[in-house]
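What follows is the residue order along each chain.
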2 protein chains.
Amino acid sequence: MSNPGRPQPRSQPRGQARKEHILAVALKIFAENGYRGASIAEIAEGCGLSQPGLLHHFPTKADLLTAVLEYRDRLDAEKFHVDDPTPGTAALRHYVNIVEHNAHLPGLVKLFAIVTSEAAVNPAHPARDWAVGRYEKLIGGLAANLRLGVEDGSIRADVDTTAVARLVFSMMDGLQLQWLLNPDRVDMPGLFRTFIDELTTEITTPDR
Amino acid sequence: MSNPGRPQPRSQPRGQARKEHILAVALKIFAENGYRGASIAEIAEGCGLSQPGLLHHFPTKADLLTAVLEYRDRLDAEKFHVDDPTPGTAALRHYVNIVEHNAHLPGLVKLFAIVTSEAAVNPAHPARDWAVGRYEKLIGGLAANLRLGVEDGSIRADVDTTAVARLVFSMMDGLQLQWLLNPDRVDMPGLFRTFIDELTTEITTPDR
DNA sequence: CCTACCGATCGGTAGG
DNA sequence: CCTACCGATCGGTAGG
């Protein structure tokens, strides 16, 4: 972004690319095994590194998981502009697009599913704060967009925007589990779209 | 039930009570740590047994998890009569009651949440078949009850009963995660009831 | 002094 | 149901 022509070709290039490779490998192994089930030895092997070589970049296993989650959150925020205001029911349609996109990324869906569940059942989980904060951001952001719709009159004034936002992300998370267990028979994006369409009808101000 | 006065006071009493105690202790530890994160040594200690003593009753860790899940399924089936036909939208209200009941049993909610997620992300998980079969039974059962409602005219004929059933259990599972992460601020039964009420209105045959 | 690692091993615990 | 163990593997760190 703020990088002109081709200046310092090695400010952080080597180490940064190596770190991103580690994060990609770690994502996959954490995604299929969870935090405790994943071993840093297996992640290191997948990177062509020794275990201490891996721990040079991320001092502990918990640090590595946290880095993977923050990295993915940052990529998604850039890709989906989640912080941009999207007033009214357009915000709901935005999440239909995200679910359709996720249907091509089972690894990412698995990571968020397993880590969220682990954090939910274990208060001492290293990603507990991440999981709690993620729902706060997602729900707060969608609720704020829905409130913009209430203010411009497109959404009924009696709608509990936080409750609606909670239902939206509950449906998203629940459908992911059924889809991961049975990808051939569960049309995750189609079911989510059906839900969002009905929800949109329900909360939209009647035309007369 | 079929036991008169006080006959055979030791047909299965000692071993059965011991086994049920083990299952209760194992449920709690599997629920908070998942399958791999739970250790049979910790479960044995919680039972006042040695590790080999525990393995006398359940030969492997996978056998113990399976026994816990089957035990809970059996108790719930007896309590909630899940196999009884409940035509139409009464079947939906039935699940509102179950969610209200579950709100007092966080340990049970945790067990199902973590095991389902683990099975969803890992095809080799010992509870994979349990998780797939559980959704098949839940969705098949609810869809069958909704079809009875279509047949008696109380539910609109164009409703995709399997899709509706999938949405219901997705919402149930997703709300559980948010509730476990934030029990004070997430009114799981209230949000689920809201969803079911709107869904009921949506699929019910119009009065005219 | 920095980075990016290595081979070997630490104390404990896994399922059986 | 016990004590006594096994092959292997866990996350993390030593010196170089």
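Residues numbered from 1 in each chain as written. Chains lettered and ligands numbered in written order. Predicted model: local features only at pLDDT ≥ 70, side-chain atom pairs only at ≥ 80, totals over all residues. Heavy atoms only, no water.

In the neighbourhood of DNA strand C, 15 residues make up the surrounding shell, with Arg18(A), Ser50(A), Pro52(A), Ser39(B) and Lys61(B) lying closest. Backbone polar atom of Ile40(B) to a phosphate oxygen of DNA strand C: 3.3 Å apart, as the coordinates give it. Gln51(B) is positioned such that a nitrogen or oxygen atom in its side chain is 3.0 Å from a base nitrogen of DNA strand C. Those elements giving two or more residues to the surface near DNA strand C turn out to be helix 1 (13–37) and helix 3 (51–57) of chain A together with helix 2 (40–47) and helix 3 (51–57) of chain B. For the surface near DNA strand C, the element with the highest residue contribution is helix 3 of chain A, accounting for 3 residues. Of the residues contributing to the surface near DNA strand C, the split by class is 6 nonpolar, 7 polar and 2 charged. (Near = heavy atom within 4 Å. Polar contact = N/O pair within 3.5 Å; in protein donor to acceptor, adjacent residues only side chain to side chain. Helix = DSSP H or I, 4+ residues; strand = E, 2+ residues; numbered from the N terminus. Nonpolar A, V, L, I, M, F, W, Y, C, P; charged D, E, K, R; others polar.)

In this section: the UniProt feature "DNA-binding region" (unreviewed entry) in chain A. Within this numbering scheme, the UniProt entry marks residues 39–58 of chain A as carrying the feature "DNA-binding region" (unreviewed entry). With 75% helix and 0% strand, the stretch residues 39–58 of chain A has end C-alpha atoms that lie 14 Å from each other. (UniProt positions renumbered as here; feature names shortened; annotations may be inferred.)

Next up on the list: helix 2 of chain B. All names here are of chain B. By the burial criterion, the buried members of helix 2 are Ile40, Ile43, Ala44 and Cys47. Relative to the axis of helix 2, the buried residues are bounded by an arc of 100° and lie together on one face. Phi turns positive, to about 70°, at Gly48, one or two residues after helix 2. (Buried < 20%, exposed > 50% of the residue type's maximum accessible area, 1.4 Å probe, protein only. Arc of directions from axis to C-beta.)

Generally speaking, nonpolar side chains in soluble globular proteins are found buried as a group. In terms of nonpolar packing, the biggest core is built from 142 residues, with Phe192(A), Phe195(A), Phe192(B) and Phe195(B) touching the most fellow members. Apart from residues no more than four positions distant in its own chain, Phe195(B) is found in contact with Leu167(A), Met171(A), Phe195(A), Leu167(B), Val168(B) and Met171(B). (Core = buried A, V, L, I, M, F, W, Y, C linked by side-chain atoms within 4.5 Å. Contact = heavy atoms within 4.5 Å.)

Counting residues at the interface gives 40 residues for chain A, matched by 40 residues for chain B. Taken together, both faces of the contact between chain A and chain B bury some 3,600 Å²; the carbon and sulfur share is 63%. Taken together, the connections running from chain A to chain B amount to 0 salt bridges. If you look at where chain A meets chain B, you find 9 residue pairs in polar contact (both at pLDDT 80 or more). Elements supplying a minimum of two residues to the side of chain A that touches chain B: helix 1, helix 6 (106–121), helix 7 (128–151), helix 8 (161–181) and helix 9 (188–203) of chain A. (Buried area = accessible area lost by both parts, 1.4 Å probe. Salt bridge = Lys/Arg side-chain N within 4 Å of Asp/Glu carboxyl O.)

Residue and element names in this part refer to chain B. Tracing the chain through its elements places Arg134 in helix 7 (residues 128–151). Separated by 18 residues in sequence, Arg134 and Thr116 have C-alpha atoms that sit 9.6 Å apart. The contacts of Arg134, once residues within four sequence positions are left out, are Phe112 and Thr116.

By nearness alone, 15 residues border DNA strand D, and Gln51(A), Lys61(A), Arg18(B), Ser50(B) and His57(B) come closest of all. If you look at DNA strand D and keep only atoms within 4 Å of the protein, 53% of those are sugar or phosphate atoms. Between DNA strand D and Ile40(A), the relevant distance is 3.1 Å, taken from a phosphate oxygen to a main-chain nitrogen or oxygen of the residue. The contact in question runs from a phosphate oxygen of DNA strand D to an N or O atom on the side chain of Lys61(A), over 2.4 Å. Take the surface near DNA strand D: its biggest share by element is 4 residues, from helix 3 of chain B.

Quick look at the domain arrangement of chain A now. Residues and elements named next belong to chain A. Entries for chain A in the domain assignment read domain 1 (13–68) and domain 2 (81–208). On a C-alpha basis, the centroid separation for the pair domain 1 and domain 2 is 29 Å. Contact with domain 1, which involves 11 residues of that partner, is made by 10 residues of domain 2. Where domain 1 abuts domain 2, roughly 730 Å² becomes buried across the two surfaces, and 75% of that area is made up of carbon and sulfur atoms. Along the contact surface separating domain 1 from domain 2 lie 1 salt bridge. For Glu32, the salt bridge is made with Lys110, and the minimal N-O distance between the two is 3.5 Å. (Domains from an automatic or database assignment.)

Here chain A sits on chain B after a turn of 180° about the axis and a move of 0.0 Å along it, with an RMSD of 0.1 Å. The transformation just described matches what one would write down for a two-fold rotation axis. Comparing interface residues between copies, 100% of those in chain A also lie at the interface in chain B; the contact surface is shared. (Least-squares fit on C-alpha atoms with pLDDT ≥ 70 in both.)

Bringing the packing of aromatic side chains into the picture now. Evaluation of the coordinates by the stated rule reveals 9 aromatic pairs over all chains. Measuring from centroid to centroid gives 6.4 Å for Phe192(A) and Phe195(A), while their planes differ by 40°, and the two rings are tilted. Here Phe192(A) pairs with Phe195(A), and both are found in helix 9, just 3 residues apart, close to one helical turn. Each of the two residues, Phe192(A) as well as Phe195(A), counts as buried. Centroid distance Tyr95(B) to Phe169(B): 5.0 Å. Interplanar angle 90°. Geometry classified as edge-to-face. Highlighted residues: Tyr95(B) in helix 5 (residues 90–102) and Phe169(B) in helix 8 (residues 161–181), separated in sequence by 74 residues. Here the two residues Tyr95(B) and Phe169(B) agree in accessibility, since each one is buried. (Phe/Tyr/Trp six-rings, centres within 6.5 Å; stacked < 30°, edge-to-face > 60°.)

With respect to the secondary-structure elements, Asn122(B) resides in the loop between helix 6 (106–121) and helix 7. Once you skip the residues sitting within four places of it in the chain, Asn122(B) turns out to touch Glu32(A) and Arg128(B). A polar atom in the side chain of Asn122(B) sits 2.9 Å from the backbone nitrogen of Ala124(B).

Further remarks concern helix 7 of chain B. Residues spaced three or four apart along an α-helix point in a common direction, a consequence of the helix completing one turn every 3.6 residues. An ideal rise of 1.5 Å per residue puts 34 Å on 24 residues; helix 7 of chain B measures up with 34 Å between its terminal C-alpha atoms. The inward-facing, buried residues of helix 7 of chain B abut helix 8 of chain A together with helix 4 (61–80), helix 5, helix 6, helix 8 and helix 9 (188–203) of chain B. After helix 7 of chain B finishes, the residue Gly153(B) shows a positive phi value of roughly 90°. (Expected span 1.5 Å × (residues − 1).)

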